[in-house]
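Below are the chains, spelled out letter by letter.
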Amino acid sequence: MMPILYSYRRCPYAMRARMALYYAGIVVEHREISLREKPQSMLKVSPKGTVPVLCLHDRIIDQSVDIIHWALQQNDPYDWMQADPMLARGWIERNDGPFKKLLDQYKYPNRFPELDQREVLRQARVVMLDPLEAALQNHSYIMGSKMTWVDIAIFPFIRQFSMVNIEQFSALPLPATQAWLTEQLESKLFQAVMVKYPTWTDSIR
């Protein structure tokens, strides 16, 4: 049975899972969902109702980092998994925890009218953007001179943050981060996983 991937094109969690699967050469049946009308077939296998969800013949994987690791266990042609586990975990926890919260506050100011957006930006720099810049000033990728799975796991969130206010982000003193971001945006890998799919409904056969 071909693996089934429930995804949403602009979701950063789904984006990083798609990048890992494509990199590993794993062909999936792509089911693009509507966030407003999530298919019952997805909710049946993953009641939490968030993407990505990867359905294998013997199990369901519904955490994006777990999908990345599973994909690279199948095939890892450029040794993306050769990254210090403790350092990698620290970056992912920083990104998926406090930075993701700040990203939501920055992207949806109407939901957080009590917050000063300048302070949100300042905190985002302290938590993630400045440490990322420091790392990329020292070497080409987050974990060193070679790209690893950590780069693709974090890139979609930096992309999303940069797109909230492109001019403001471009003006930040983050030249290494901006160069790294541009490289990822222009990569064949990213372009390949951003192909548009029609919305899946359970009536489709």
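In short, a report on the structure.

Conventions we followed
Residues numbered from 1 in each chain as written. Predicted model: local features only at pLDDT ≥ 70, side-chain atom pairs only at ≥ 80, totals over all residues. Heavy atoms only, no water. Core = buried A, V, L, I, M, F, W, Y, C linked by side-chain atoms within 4.5 Å. Buried < 20%, exposed > 50% of the residue type's maximum accessible area, 1.4 Å probe, protein only. Helix = DSSP H or I, 4+ residues; strand = E, 2+ residues; numbered from the N terminus. Contact = heavy atoms within 4.5 Å. Pairing = 2+ DSSP bridges. Right-handed = clockwise from strand over helix to strand, strands pointing away. Phe/Tyr/Trp six-rings, centres within 6.5 Å; stacked < 30°, edge-to-face > 60°. Lys NZ or Arg CZ within 6 Å of the ring centre and 35° of its normal.

As for the nonpolar core
Counting 58 residues, the largest nonpolar core has Phe99, Trp149, Ile154, Ile158, Phe161 and Trp180 as the members making the most contacts within it. Every element with two or more residues in this core is listed here: α1 (12-23), α3 (64-74), α4 (85-107), α5 (117-138), α6 (149-164), α8 (175-185) and α9 (188-193). Phenylalanine 161 has contacts with Phe99, Leu103, Tyr106, Leu121, Ala124, Leu129 and Phe169, leaving out every residue within four places of it along the chain. Counting 11 residues, the second largest nonpolar core, distinct from the first, contains Ile4, Tyr8, Ala14 and Trp200.

So, the pairing of strand β1 (residues 4-7)
Here β1 shows two buried faces, one formed by Ile4 and Tyr6 and the other by Leu5 and Ser7. One ladder, built from 4 bridges, connects β1 with strand β2 (residues 29-32); its direction is parallel. Paired with isoleucine 4 across the strands is glutamate 29, a residue of β2. Regarding topology, α1 serves as the crossover connection from β1 to the parallel β2, and that connection is right-handed. With 3 bridges joining them, β1 and strand β3 (residues 53-55) adopt antiparallel strand pairing. Bridging across to β3, tyrosine 6 finds its partner in valine 53.

Let's talk about the packing of aromatic side chains
Both the distance between ring centres and the angle between the ring planes are used here to describe each pair of aromatic rings. Per the stated rule, a full pass over the model turns up 8 aromatic pairs. Pairing tyrosine 13 with phenylalanine 157 gives two aromatic rings, centres 4.9 Å apart and planes at 80°, and the pair type is edge-to-face. Of this pair, tyrosine 13 sits in helix α1 while phenylalanine 157 sits in helix α6; the two residues are 144 residues apart in sequence, bridging distant segments of the chain. When the ring of tyrosine 23 is compared with that of tyrosine 78, the centres are 6.3 Å apart and the planes differ by 40°; the resulting orientation is tilted. On the criterion of sequence distance, the pair formed by tyrosine 23 in helix α1 and tyrosine 78 in the loop between α3 and α4 is long-range, its members being 55 residues apart. Given a relative accessible area of 58%, tyrosine 78 falls into the exposed group. Here a set of aromatic residues connected by ring pairs shows up, and it is made of Phe99, Tyr106, Phe161 and Phe169. The ring of tryptophan 91 is capped by arginine 94, whose NZ or CZ atom sits 5.2 Å from the centre of that ring. Arginine 111 extends its terminal NZ or CZ atom over the ring of tyrosine 108, reaching a point 3.8 Å from the ring centre.

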